[in-house]
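Each chain, written out:
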Amino acid sequence: MDYFRIRGGTPLQGNIRISGAKNAALPILAATLLTRDVSSLSNVPHLNDVTTMVELLGALGAEVSVDETTMLQVSAAALTNQRAPYELVKTMRASILVMGPLLARFGAAEVSFPGGCAIGSRPVDLHLKGFEAMGAEIDVRDGYIVATTRDGLVGCDFTFETVTVGGTENLLMAAVLADGRTILRNAAREPEITDLVCFLRGMGADIAGDGSSTLTINGVSELKASHYRVMPDRIEAGTFLVAAAATRGRITLEGANAEHLGVVVDKLRDAGVSVLVEEGRITADMRSGRPKAVDLITAPYPGFPTDMQAQFTALNVIAEGEGQITETIFENRLMQAREMSRMGADIKIDGRTVIIRGREQINGAPVMASDLRASASLVIAGLAAVGETDIDRIYHIDRGYERIEEKLQSVGANIVRKSR
Ligand code: UD1
(Lines give C-alpha, C1' and ligand atoms only; values in the text may rest on other atoms or scores of the structure.)
Protein backbone atom coordinates (compact mmCIF):
# COMPACT_ATOMS: atom_id res chain seq x y z
CA MET A 1 0.00 0.00 0.00
CA ASP A 2 1.30 3.48 -0.87
CA TYR A 3 2.20 6.04 1.75
CA PHE A 4 3.78 9.49 1.78
CA ARG A 5 7.01 10.22 3.60
CA ILE A 6 7.34 13.93 4.31
CA ARG A 7 10.28 15.73 5.84
CA GLY A 8 8.81 19.00 7.03
CA GLY A 9 10.06 22.42 7.84
CA THR A 10 10.77 23.86 4.38
CA PRO A 11 8.82 26.98 3.36
CA LEU A 12 7.12 26.24 0.03
CA GLN A 13 8.05 28.64 -2.76
CA GLY A 14 7.06 28.73 -6.42
CA ASN A 15 4.17 28.24 -8.82
CA ILE A 16 1.56 25.48 -9.08
CA ARG A 17 -0.96 24.92 -11.87
CA ILE A 18 -4.47 24.10 -10.64
CA SER A 19 -6.26 21.11 -12.17
CA GLY A 20 -9.88 20.81 -13.26
CA ALA A 21 -12.40 20.42 -10.43
CA LYS A 22 -13.25 16.88 -9.39
CA ASN A 23 -16.62 17.93 -7.99
CA ALA A 24 -17.56 19.62 -11.27
CA ALA A 25 -16.14 16.89 -13.54
CA LEU A 26 -18.13 14.08 -11.84
CA PRO A 27 -21.66 15.52 -12.38
CA ILE A 28 -20.70 16.78 -15.85
CA LEU A 29 -19.54 13.27 -16.81
CA ALA A 30 -22.85 11.91 -15.50
CA ALA A 31 -24.70 14.53 -17.55
CA THR A 32 -23.14 13.23 -20.79
CA LEU A 33 -25.66 10.36 -20.45
CA LEU A 34 -28.42 12.84 -21.29
CA THR A 35 -27.63 12.96 -25.00
CA ARG A 36 -27.11 10.54 -27.87
CA ASP A 37 -24.55 12.97 -29.30
CA VAL A 38 -20.86 13.10 -28.44
CA SER A 39 -19.82 15.31 -25.51
CA SER A 40 -16.25 16.65 -25.47
CA LEU A 41 -14.72 17.68 -22.16
CA SER A 42 -11.40 19.32 -21.43
CA ASN A 43 -9.62 20.06 -18.14
CA VAL A 44 -10.94 16.81 -16.66
CA PRO A 45 -8.53 15.90 -13.84
CA HIS A 46 -6.75 12.52 -13.75
CA LEU A 47 -8.11 11.16 -10.49
CA ASN A 48 -9.32 7.84 -9.20
CA ASP A 49 -12.87 9.17 -8.75
CA VAL A 50 -12.94 10.34 -12.37
CA THR A 51 -11.73 6.89 -13.49
CA THR A 52 -14.52 5.32 -11.46
CA MET A 53 -17.12 7.57 -13.11
CA VAL A 54 -15.69 6.76 -16.56
CA GLU A 55 -15.89 3.03 -15.71
CA LEU A 56 -19.48 3.54 -14.63
CA LEU A 57 -20.37 5.26 -17.91
CA GLY A 58 -18.69 2.31 -19.66
CA ALA A 59 -20.68 -0.20 -17.60
CA LEU A 60 -23.87 1.53 -18.78
CA GLY A 61 -22.74 1.12 -22.39
CA ALA A 62 -21.25 4.54 -23.13
CA GLU A 63 -18.04 4.83 -25.17
CA VAL A 64 -15.38 7.01 -23.63
CA SER A 65 -12.13 7.96 -25.35
CA VAL A 66 -9.32 10.46 -24.87
CA ASP A 67 -7.84 12.22 -27.90
CA GLU A 68 -4.25 13.47 -28.30
CA THR A 69 -5.12 16.85 -26.70
CA THR A 70 -6.41 15.00 -23.58
CA MET A 71 -9.95 15.97 -24.53
CA LEU A 72 -12.34 13.38 -23.14
CA GLN A 73 -15.09 12.28 -25.55
CA VAL A 74 -18.19 10.50 -24.32
CA SER A 75 -20.73 8.91 -26.61
CA ALA A 76 -23.82 7.65 -24.84
CA ALA A 77 -25.69 6.97 -28.10
CA ALA A 78 -26.29 3.30 -27.45
CA LEU A 79 -26.58 2.63 -23.75
CA THR A 80 -27.04 -1.03 -22.98
CA ASN A 81 -28.45 -0.91 -19.48
CA GLN A 82 -29.55 1.42 -16.67
CA ARG A 83 -27.93 -0.30 -13.73
CA ALA A 84 -25.05 1.21 -11.71
CA PRO A 85 -23.42 -1.83 -10.09
CA TYR A 86 -22.44 -2.23 -6.44
CA GLU A 87 -18.75 -2.75 -7.30
CA LEU A 88 -18.48 0.83 -8.60
CA VAL A 89 -20.97 2.62 -6.34
CA LYS A 90 -19.28 1.24 -3.21
CA THR A 91 -16.00 2.90 -4.21
CA MET A 92 -17.61 6.28 -4.98
CA ARG A 93 -20.85 7.68 -3.59
CA ALA A 94 -21.05 10.25 -6.40
CA SER A 95 -22.11 7.31 -8.62
CA ILE A 96 -25.65 8.18 -7.49
CA LEU A 97 -25.39 11.12 -9.92
CA VAL A 98 -26.14 8.84 -12.88
CA MET A 99 -29.64 8.28 -11.53
CA GLY A 100 -31.07 11.64 -12.64
CA PRO A 101 -29.73 11.41 -16.21
CA LEU A 102 -30.80 7.75 -16.62
CA LEU A 103 -34.30 8.48 -15.33
CA ALA A 104 -34.56 11.51 -17.59
CA ARG A 105 -33.49 9.67 -20.70
CA PHE A 106 -35.00 6.22 -20.16
CA GLY A 107 -37.62 6.66 -17.44
CA ALA A 108 -35.86 3.98 -15.39
CA ALA A 109 -32.67 3.56 -13.37
CA GLU A 110 -31.13 1.17 -10.86
CA VAL A 111 -28.30 2.30 -8.63
CA SER A 112 -26.75 0.29 -5.84
CA PHE A 113 -27.58 1.92 -2.49
CA PRO A 114 -24.55 4.03 -1.49
CA GLY A 115 -23.49 2.92 1.98
CA GLY A 116 -22.28 5.00 4.87
CA CYS A 117 -18.82 6.43 4.61
CA ALA A 118 -16.02 7.67 6.78
CA ILE A 119 -17.49 11.16 7.20
CA GLY A 120 -20.94 10.20 8.39
CA SER A 121 -24.06 8.50 7.15
CA ARG A 122 -24.59 10.78 4.08
CA PRO A 123 -28.08 9.72 3.04
CA VAL A 124 -29.60 10.21 -0.44
CA ASP A 125 -33.21 10.52 0.75
CA LEU A 126 -33.63 14.01 -0.73
CA HIS A 127 -32.50 12.87 -4.18
CA LEU A 128 -35.17 10.17 -4.01
CA LYS A 129 -37.92 12.46 -2.69
CA GLY A 130 -37.20 14.79 -5.59
CA PHE A 131 -37.45 11.98 -8.16
CA GLU A 132 -40.75 10.93 -6.57
CA ALA A 133 -42.02 14.50 -6.87
CA MET A 134 -41.20 14.23 -10.59
CA GLY A 135 -43.36 11.13 -10.89
CA ALA A 136 -40.86 8.32 -10.31
CA GLU A 137 -41.65 5.29 -8.21
CA ILE A 138 -38.82 4.28 -5.95
CA ASP A 139 -38.22 0.80 -4.57
CA VAL A 140 -35.29 -0.77 -2.81
CA ARG A 141 -34.56 -4.30 -4.06
CA ASP A 142 -31.53 -6.45 -3.23
CA GLY A 143 -29.53 -3.42 -2.15
CA TYR A 144 -30.43 -1.44 -5.26
CA ILE A 145 -32.53 1.72 -5.55
CA VAL A 146 -34.91 0.95 -8.39
CA ALA A 147 -36.61 3.97 -9.95
CA THR A 148 -39.27 3.68 -12.62
CA THR A 149 -41.75 6.01 -14.30
CA ARG A 150 -44.96 5.33 -16.23
CA ASP A 151 -44.56 7.99 -18.93
CA GLY A 152 -41.29 9.66 -18.10
CA LEU A 153 -40.57 12.43 -15.62
CA VAL A 154 -42.79 15.46 -15.17
CA GLY A 155 -41.78 18.90 -13.94
CA CYS A 156 -42.52 19.75 -10.30
CA ASP A 157 -42.04 22.38 -7.62
CA PHE A 158 -39.64 20.89 -5.08
CA THR A 159 -38.11 22.33 -1.92
CA PHE A 160 -34.99 20.69 -0.46
CA GLU A 161 -35.26 20.31 3.34
CA THR A 162 -31.47 20.58 3.55
CA VAL A 163 -29.12 22.17 1.08
CA THR A 164 -27.57 19.29 -0.86
CA VAL A 165 -25.03 19.63 -3.64
CA GLY A 166 -25.48 16.15 -5.09
CA GLY A 167 -29.27 16.30 -4.66
CA THR A 168 -29.46 19.59 -6.53
CA GLU A 169 -27.28 18.22 -9.34
CA ASN A 170 -29.25 14.99 -9.65
CA LEU A 171 -32.64 16.71 -9.83
CA LEU A 172 -31.31 19.36 -12.19
CA MET A 173 -30.12 16.66 -14.59
CA ALA A 174 -33.45 14.86 -14.29
CA ALA A 175 -35.43 18.06 -14.92
CA VAL A 176 -33.71 19.15 -18.13
CA LEU A 177 -35.50 16.45 -20.15
CA ALA A 178 -38.68 16.26 -18.02
CA ASP A 179 -42.08 17.23 -19.32
CA GLY A 180 -42.77 20.84 -18.30
CA ARG A 181 -41.28 23.21 -15.77
CA THR A 182 -39.39 22.24 -12.61
CA ILE A 183 -38.62 24.67 -9.81
CA LEU A 184 -35.96 23.59 -7.30
CA ARG A 185 -36.03 25.65 -4.10
CA ASN A 186 -33.40 25.83 -1.36
CA ALA A 187 -31.02 24.52 -4.03
CA ALA A 188 -27.25 24.43 -3.47
CA ARG A 189 -25.36 27.40 -4.93
CA GLU A 190 -21.86 25.93 -5.17
CA PRO A 191 -19.78 27.02 -8.20
CA GLU A 192 -19.75 23.37 -9.33
CA ILE A 193 -23.55 23.60 -9.76
CA THR A 194 -23.12 26.66 -11.95
CA ASP A 195 -20.49 24.76 -13.95
CA LEU A 196 -22.94 21.89 -14.48
CA VAL A 197 -25.65 24.39 -15.50
CA CYS A 198 -23.27 25.96 -18.06
CA PHE A 199 -22.48 22.52 -19.51
CA LEU A 200 -26.20 21.64 -19.70
CA ARG A 201 -26.99 24.99 -21.31
CA GLY A 202 -24.34 24.31 -23.92
CA MET A 203 -26.25 21.09 -24.69
CA GLY A 204 -29.45 23.09 -25.18
CA ALA A 205 -31.04 22.91 -21.72
CA ASP A 206 -33.28 25.76 -20.54
CA ILE A 207 -32.22 26.67 -16.98
CA ALA A 208 -32.43 29.93 -15.04
CA GLY A 209 -31.35 30.97 -11.57
CA ASP A 210 -27.95 29.30 -11.21
CA GLY A 211 -25.94 30.88 -8.43
CA SER A 212 -29.19 31.52 -6.51
CA SER A 213 -31.12 29.11 -4.32
CA THR A 214 -34.01 28.77 -6.80
CA LEU A 215 -33.43 26.99 -10.09
CA THR A 216 -36.08 27.05 -12.80
CA ILE A 217 -35.80 24.43 -15.51
CA ASN A 218 -38.02 24.16 -18.57
CA GLY A 219 -37.75 20.63 -19.91
CA VAL A 220 -36.68 20.21 -23.55
CA SER A 221 -37.21 17.17 -25.76
CA GLU A 222 -33.56 16.44 -26.46
CA LEU A 223 -30.05 17.65 -25.78
CA LYS A 224 -27.19 17.99 -28.25
CA ALA A 225 -23.44 17.58 -28.59
CA SER A 226 -21.30 20.11 -26.74
CA HIS A 227 -17.72 21.01 -25.84
CA TYR A 228 -16.95 22.12 -22.34
CA ARG A 229 -13.94 23.06 -20.23
CA VAL A 230 -14.33 22.03 -16.59
CA MET A 231 -13.77 24.81 -14.02
CA PRO A 232 -10.59 24.92 -11.92
CA ASP A 233 -10.63 23.04 -8.61
CA ARG A 234 -11.27 25.57 -5.84
CA ILE A 235 -10.56 23.04 -3.08
CA GLU A 236 -7.22 22.01 -4.58
CA ALA A 237 -6.41 25.73 -4.87
CA GLY A 238 -7.44 26.40 -1.27
CA THR A 239 -5.37 23.45 -0.05
CA PHE A 240 -2.16 24.79 -1.65
CA LEU A 241 -2.83 28.30 -0.33
CA VAL A 242 -3.06 26.89 3.20
CA ALA A 243 0.12 24.82 2.60
CA ALA A 244 1.94 28.04 1.68
CA ALA A 245 0.65 29.71 4.85
CA ALA A 246 1.42 26.79 7.18
CA THR A 247 5.02 26.48 5.93
CA ARG A 248 5.51 30.28 5.96
CA GLY A 249 6.23 30.24 2.25
CA ARG A 250 4.93 31.90 -0.91
CA ILE A 251 2.97 30.07 -3.61
CA THR A 252 1.37 31.40 -6.79
CA LEU A 253 -1.46 29.34 -8.21
CA GLU A 254 -1.88 29.44 -11.98
CA GLY A 255 -5.27 28.89 -13.57
CA ALA A 256 -7.20 29.39 -10.33
CA ASN A 257 -10.42 31.37 -9.95
CA ALA A 258 -10.39 33.56 -6.84
CA GLU A 259 -14.11 34.35 -7.22
CA HIS A 260 -14.87 30.81 -6.05
CA LEU A 261 -12.64 31.15 -2.99
CA GLY A 262 -14.23 34.20 -1.32
CA VAL A 263 -14.48 33.15 2.34
CA VAL A 264 -11.36 30.99 2.14
CA VAL A 265 -9.30 34.00 1.02
CA ASP A 266 -10.95 36.13 3.75
CA LYS A 267 -9.94 33.59 6.41
CA LEU A 268 -6.38 33.40 5.08
CA ARG A 269 -6.17 37.17 5.32
CA ASP A 270 -7.55 36.99 8.89
CA ALA A 271 -4.69 34.57 9.60
CA GLY A 272 -2.24 37.24 8.45
CA VAL A 273 -1.50 35.77 5.01
CA SER A 274 -0.89 38.31 2.27
CA VAL A 275 -3.13 37.19 -0.61
CA LEU A 276 -2.74 38.77 -4.03
CA VAL A 277 -5.47 38.12 -6.59
CA GLU A 278 -4.73 38.66 -10.28
CA GLU A 279 -6.48 37.48 -13.45
CA GLY A 280 -6.28 33.64 -13.29
CA ARG A 281 -3.64 33.73 -10.52
CA ILE A 282 -3.65 33.81 -6.73
CA THR A 283 -0.55 34.29 -4.58
CA ALA A 284 -0.36 33.53 -0.87
CA ASP A 285 2.66 34.92 0.99
CA MET A 286 3.37 34.13 4.64
CA ARG A 287 7.11 34.76 4.68
CA SER A 288 6.62 37.62 7.13
CA GLY A 289 6.03 35.38 10.15
CA ARG A 290 3.74 32.99 11.97
CA PRO A 291 0.05 32.73 10.98
CA LYS A 292 -2.63 33.69 13.52
CA ALA A 293 -5.31 31.17 14.56
CA VAL A 294 -8.77 31.69 13.05
CA ASP A 295 -12.31 30.68 14.03
CA LEU A 296 -14.65 29.29 11.42
CA ILE A 297 -17.94 27.47 10.96
CA THR A 298 -18.66 25.45 7.84
CA ALA A 299 -21.80 26.23 5.83
CA PRO A 300 -23.18 25.68 2.32
CA TYR A 301 -21.76 28.01 -0.36
CA PRO A 302 -21.13 30.95 -0.15
CA GLY A 303 -20.26 29.98 3.44
CA PHE A 304 -16.99 28.38 4.48
CA PRO A 305 -16.62 25.02 2.62
CA THR A 306 -16.61 21.83 4.66
CA ASP A 307 -14.02 20.57 2.16
CA MET A 308 -11.53 23.20 3.47
CA GLN A 309 -12.17 22.70 7.19
CA ALA A 310 -9.49 20.06 7.83
CA GLN A 311 -6.79 22.09 6.08
CA PHE A 312 -7.52 25.09 8.32
CA THR A 313 -7.30 22.79 11.35
CA ALA A 314 -3.71 22.08 10.25
CA LEU A 315 -3.06 25.81 9.92
CA ASN A 316 -4.41 26.56 13.40
CA VAL A 317 -2.24 23.81 14.87
CA ILE A 318 0.95 25.81 14.19
CA ALA A 319 -0.65 29.29 14.41
CA GLU A 320 -0.40 31.86 17.16
CA GLY A 321 -3.38 31.88 19.54
CA GLU A 322 -6.50 29.75 19.88
CA GLY A 323 -8.94 28.92 17.11
CA GLN A 324 -12.27 27.08 17.01
CA ILE A 325 -13.46 25.17 14.00
CA THR A 326 -17.05 23.93 13.84
CA GLU A 327 -18.28 21.41 11.28
CA THR A 328 -22.00 21.76 10.53
CA ILE A 329 -22.40 19.83 7.26
CA PHE A 330 -21.15 16.34 8.07
CA GLU A 331 -21.06 14.35 11.29
CA ASN A 332 -17.77 12.65 12.05
CA ARG A 333 -15.57 14.85 9.89
CA LEU A 334 -13.01 15.83 12.52
CA MET A 335 -10.91 12.68 12.43
CA GLN A 336 -7.77 14.53 11.34
CA ALA A 337 -7.73 16.22 14.77
CA ARG A 338 -6.78 13.02 16.60
CA GLU A 339 -4.03 12.26 14.13
CA MET A 340 -2.64 15.77 14.53
CA SER A 341 -2.54 15.26 18.32
CA ARG A 342 -0.07 12.48 17.57
CA MET A 343 2.16 15.15 16.02
CA GLY A 344 2.07 17.20 19.20
CA ALA A 345 -0.87 19.45 18.34
CA ASP A 346 -2.89 20.88 21.24
CA ILE A 347 -6.44 19.97 20.16
CA LYS A 348 -9.66 19.32 22.04
CA ILE A 349 -12.80 17.99 20.42
CA ASP A 350 -16.13 19.15 21.81
CA GLY A 351 -19.02 17.71 19.81
CA ARG A 352 -18.71 19.12 16.32
CA THR A 353 -16.12 21.73 17.32
CA VAL A 354 -12.35 21.43 17.55
CA ILE A 355 -10.57 23.87 19.81
CA ILE A 356 -6.97 24.29 18.84
CA ARG A 357 -4.26 26.10 20.74
CA GLY A 358 -1.48 26.81 18.26
CA ARG A 359 2.02 25.51 18.96
CA GLU A 360 5.21 27.12 17.71
CA GLN A 361 6.39 23.66 16.68
CA ILE A 362 4.82 20.28 15.97
CA ASN A 363 6.77 17.13 15.23
CA GLY A 364 6.57 14.51 12.51
CA ALA A 365 4.86 11.21 13.37
CA PRO A 366 3.30 8.23 11.62
CA VAL A 367 -0.35 9.12 10.91
CA MET A 368 -3.26 7.63 9.03
CA ALA A 369 -5.50 9.32 6.44
CA SER A 370 -9.22 8.73 7.04
CA ASP A 371 -10.85 10.60 4.13
CA LEU A 372 -9.91 12.81 1.22
CA ARG A 373 -9.70 16.22 2.87
CA ALA A 374 -8.38 14.83 6.16
CA SER A 375 -5.49 13.36 4.14
CA ALA A 376 -4.75 16.76 2.62
CA SER A 377 -4.68 18.33 6.08
CA LEU A 378 -2.19 15.70 7.29
CA VAL A 379 0.05 16.50 4.32
CA ILE A 380 -0.06 20.18 5.34
CA ALA A 381 0.68 19.31 8.98
CA GLY A 382 3.57 17.08 7.85
CA LEU A 383 5.02 19.86 5.69
CA ALA A 384 4.85 22.28 8.63
CA ALA A 385 6.21 19.83 11.22
CA VAL A 386 9.79 19.32 12.23
CA GLY A 387 11.09 15.87 11.25
CA GLU A 388 9.54 12.97 9.39
CA THR A 389 5.85 12.19 8.90
CA ASP A 390 4.61 9.00 7.23
CA ILE A 391 0.99 9.20 6.04
CA ASP A 392 -0.73 5.87 5.50
CA ARG A 393 -3.80 5.10 3.37
CA ILE A 394 -3.12 7.82 0.83
CA TYR A 395 -5.48 6.16 -1.62
CA HIS A 396 -7.93 8.64 -0.13
CA ILE A 397 -5.89 11.57 -1.41
CA ASP A 398 -5.52 10.05 -4.90
CA ARG A 399 -9.30 10.25 -5.24
CA GLY A 400 -9.23 14.02 -5.28
CA TYR A 401 -5.76 15.52 -5.79
CA GLU A 402 -3.98 15.18 -9.12
CA ARG A 403 -0.26 14.38 -8.67
CA ILE A 404 -0.19 16.17 -5.33
CA GLU A 405 3.31 15.03 -4.41
CA GLU A 406 4.74 16.19 -7.77
CA LYS A 407 3.06 19.57 -7.45
CA LEU A 408 4.38 19.97 -3.91
CA GLN A 409 7.89 18.81 -4.90
CA SER A 410 7.89 21.51 -7.59
CA VAL A 411 7.58 24.17 -4.86
CA GLY A 412 10.32 22.68 -2.72
CA ALA A 413 8.48 20.18 -0.51
CA ASN A 414 10.33 17.09 0.62
CA ILE A 415 7.57 14.52 0.00
CA VAL A 416 7.92 11.10 -1.61
CA ARG A 417 5.48 8.33 -2.41
CA LYS A 418 6.58 4.95 -1.11
CA SER A 419 5.08 1.48 -0.99
CA ARG A 420 5.20 -1.19 1.64
C1 UD1 B 1 -20.67 17.24 -2.21
C2 UD1 B 1 -19.20 17.17 -2.53
C3 UD1 B 1 -18.39 17.07 -1.25
C4 UD1 B 1 -18.75 18.20 -0.31
C5 UD1 B 1 -20.25 18.28 -0.10
C6 UD1 B 1 -20.68 19.50 0.71
C7 UD1 B 1 -19.15 16.07 -4.70
C8 UD1 B 1 -18.82 14.85 -5.48
N9 UD1 B 1 -18.97 16.00 -3.36
O10 UD1 B 1 -21.02 16.03 -1.56
O11 UD1 B 1 -17.00 17.15 -1.60
O12 UD1 B 1 -18.12 17.97 0.95
O13 UD1 B 1 -20.93 18.36 -1.36
O14 UD1 B 1 -20.19 20.66 0.14
O15 UD1 B 1 -19.53 17.09 -5.24
N16 UD1 B 1 -28.06 15.09 2.83
C17 UD1 B 1 -29.23 14.50 3.25
N18 UD1 B 1 -30.01 13.86 2.32
C19 UD1 B 1 -29.67 13.80 1.01
C20 UD1 B 1 -28.46 14.41 0.58
C21 UD1 B 1 -27.68 15.05 1.53
O22 UD1 B 1 -29.57 14.53 4.43
O23 UD1 B 1 -30.42 13.21 0.22
C24 UD1 B 1 -27.20 15.78 3.83
C25 UD1 B 1 -25.82 15.11 3.96
O26 UD1 B 1 -25.85 14.02 4.85
C27 UD1 B 1 -25.00 16.25 4.48
C28 UD1 B 1 -25.61 17.47 3.77
O29 UD1 B 1 -26.91 17.06 3.35
O30 UD1 B 1 -25.18 16.40 5.86
C31 UD1 B 1 -24.84 17.97 2.58
O32 UD1 B 1 -24.56 16.90 1.71
P33 UD1 B 1 -24.42 17.08 0.13
O34 UD1 B 1 -24.33 18.54 -0.18
O35 UD1 B 1 -25.46 16.28 -0.54
O36 UD1 B 1 -22.99 16.44 -0.15
P37 UD1 B 1 -22.57 15.60 -1.42
O38 UD1 B 1 -23.29 16.07 -2.62
O39 UD1 B 1 -22.57 14.15 -1.06
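That block above? That's the structure.
The notes below deal with the structure included here. Values in this document were obtained by computation on a predicted structure and should not be read as measured data.

Within this model, the second largest pocket holds a volume of roughly 220 Å³. Every residue lining the second largest pocket is counted, 14 residues in all, and those nearest its centre are Asn43, Val44, His46, Thr70 and Glu402. Here the lining of the second largest pocket is built from residues that sort into two nonpolar, seven polar and five charged.

Moving on to the packing of aromatic side chains. Per the counting criterion, the structure on display carries three aromatic pairs. Note on phenylalanine 158 and phenylalanine 160: the rings are 5.1 Å apart at their centroids and 90 degrees apart in plane angle, and the pair reads as edge-to-face. One cation-aromatic arrangement involves arginine 83 over tyrosine 144; the distance from NZ or CZ to the ring centre is 3.8 Å. The ring of tyrosine 3 is capped by arginine 420, whose NZ or CZ atom sits 3.8 Å from the centre of that ring.

Quick look at the side chain of glutamate 339 now. With respect to the element layout, glutamate 339 can be found in helix H11 (residues 335–341). Notably, glutamate 339 is buried but unbridged: the nearest opposite-charge side chain belongs to arginine 342, and the N-O separation is 4.4 Å. Within the structure, glutamate 339 has its side chain in polar contact with the backbone nitrogen of methionine 368 (distance 2.8 Å). Glutamate 339 has contacts with Val367, Met368 and Leu378, leaving out every residue within four places of it along the chain.

Taken together, the four strands give an open sheet; going across it, the order is E6-E7-E9-E8, and neighbouring strands pair in mixed fashion. Each having just a single partner strand, strand E6 (83–84) and strand E8 (137–141) make up the two edges of the open sheet. Looking at chain direction, E6 and strand E7 (residues 108–112) are connected through two bridges and run parallel. Bridge assignment links alanine 84 to a residue of E7, and that residue is valine 111.

Turning our attention to the packing of helix H1 (residues 22–31) against helix H2 (residues 48–59). Between H1 and H2, whose axes approach to 10 Å, the crossing angle comes to 5 degrees. Relative to H2, the element H1 lies roughly parallel. Together, Lys22, Ala25, Leu26, Leu29 and Ala30 of H1 and Asp49, Val50, Met53, Val54 and Leu57 of H2 make up the contact between the two elements. Per-class residue counts for the contact of H1 with H2 are eight nonpolar, no polar and two charged.

Turning to the site of the ligand, a few remarks are in order. Neighbouring the ligand are 17 residues, the closest being Asp125, Leu126, Thr164, Asp307 and Ile329. Within the contact set of the ligand, an oxygen atom lies 2.6 Å away from a side-chain nitrogen or oxygen of aspartate 307. In isolation the ligand offers 750 Å² of accessible surface; the protein chains occlude 83% of this area. Those elements giving two or more residues to the shell around the ligand turn out to be helix H5 (125–133) and helix H6 (165–175). Counting residues per element, the shell around the ligand draws most heavily on H5, which supplies three residues. For the shell around the ligand, the class distribution of residues is seven nonpolar, six polar and four charged.

Let us now look at helix H12 (residues 372–384). A rise of 1.5 Å per residue sets the reference length of H12, with its 13 residues, at 18 Å; its end C-alpha atoms lie 19 Å apart and thus fit the reference within 8%. Counting buried positions along H12 yields 13 of 13 residues, so the element is predominantly enclosed. Here H12 starts with a cap whose side-chain oxygen sits 3.1 Å from the backbone nitrogen of arginine 373, and that cap is aspartate 371.

In regular strands, side chains alternate between the two faces of the sheet. In this structure, strand E1 (residues 2–7) lies alongside strand E23 (residues 388–392), joined through four bridges in antiparallel fashion. Bridging from a neighbouring strand, arginine 5 pairs with aspartate 390 of E23. Bridge analysis of strand E22 (residues 366–368) against E23 gives three bridges, and the strand direction is parallel. From the neighbouring strand, methionine 368 faces E23, where its bridge partner is aspartate 392. Regarding topology, H12 serves as the crossover connection from E22 to the parallel E23, and that connection is right-handed.

Moving on, we get to the pattern of salt bridges. Tallying each qualifying case throughout the model produces 28 salt bridges. Residues aspartate 285 and arginine 287 are paired through a salt bridge, measuring 2.8 Å at the closest nitrogen-oxygen approach. When salt bridges that share partners are traced, they join Asp2, Asp398, Glu405 and Arg417 into one network.

What follows covers the sheet that holds strand E13 (residues 214–218). Taken in spatial order, the four strands line up as E10-E11-E13-E12 in an open sheet, and their pairing is mixed. Among the strands making up the open sheet, the edge pair consists of strand E10 (157–159) and strand E12 (206–208). If you compare each strand with its neighbour and ignore which way they point, the axes differ by 15 degrees on average.

In this sheet, strand E19 (residues 322–326) lies alongside strand E18 (residues 296–297) in parallel orientation, the contact comprising two bridges. Paired with isoleucine 297 across the two strands is threonine 326, which belongs to E19. Note that the unit made of E18, helix H10 (residues 309–317) and E19 has a crossover that is right-handed. Where E19 meets strand E21 (residues 353–357), five bridges bridge the pair, whose relative direction is antiparallel. Paired with glutamate 322 across the two strands is arginine 357, which belongs to E21.

Calculation notes
Residues numbered from 1 in each chain as written. Predicted model: local features only at pLDDT ≥ 70, side-chain atom pairs only at ≥ 80, totals over all residues. Heavy atoms only, no water. 1 Å grid on protein atoms, 1.4 Å probe; cavity = no way out; pocket = protein on both sides within 12 Å on 5 of 7 lines; lining within 4 Å. Points joined across faces, edges and corners; volume = space filled by probe spheres on them. Nonpolar A, V, L, I, M, F, W, Y, C, P; charged D, E, K, R; others polar. Phe/Tyr/Trp six-rings, centres within 6.5 Å; stacked < 30°, edge-to-face > 60°. Lys NZ or Arg CZ within 6 Å of the ring centre and 35° of its normal. Helix = DSSP H or I, 4+ residues; strand = E, 2+ residues; numbered from the N terminus. Buried < 20%, exposed > 50% of the residue type's maximum accessible area, 1.4 Å probe, protein only. Lys, Arg positive; Asp, Glu negative; His and termini not counted. Salt bridge = Lys/Arg side-chain N within 4 Å of Asp/Glu carboxyl O. Polar contact = N/O pair within 3.5 Å; in protein donor to acceptor, adjacent residues only side chain to side chain. Contact = heavy atoms within 4.5 Å. Pairing = 2+ DSSP bridges. Axes fitted to C-alpha atoms, helices over the stretch in contact; angles between N-to-C directions. Parallel < 35°, antiparallel > 145°, perpendicular 65-115°, else oblique. Near = heavy atom within 4 Å. Areas by Shrake-Rupley, 256 points an atom, 1.4 Å probe, with all protein chains shown as cover. Expected span 1.5 Å × (residues − 1). Right-handed = clockwise from strand over helix to strand, strands pointing away.

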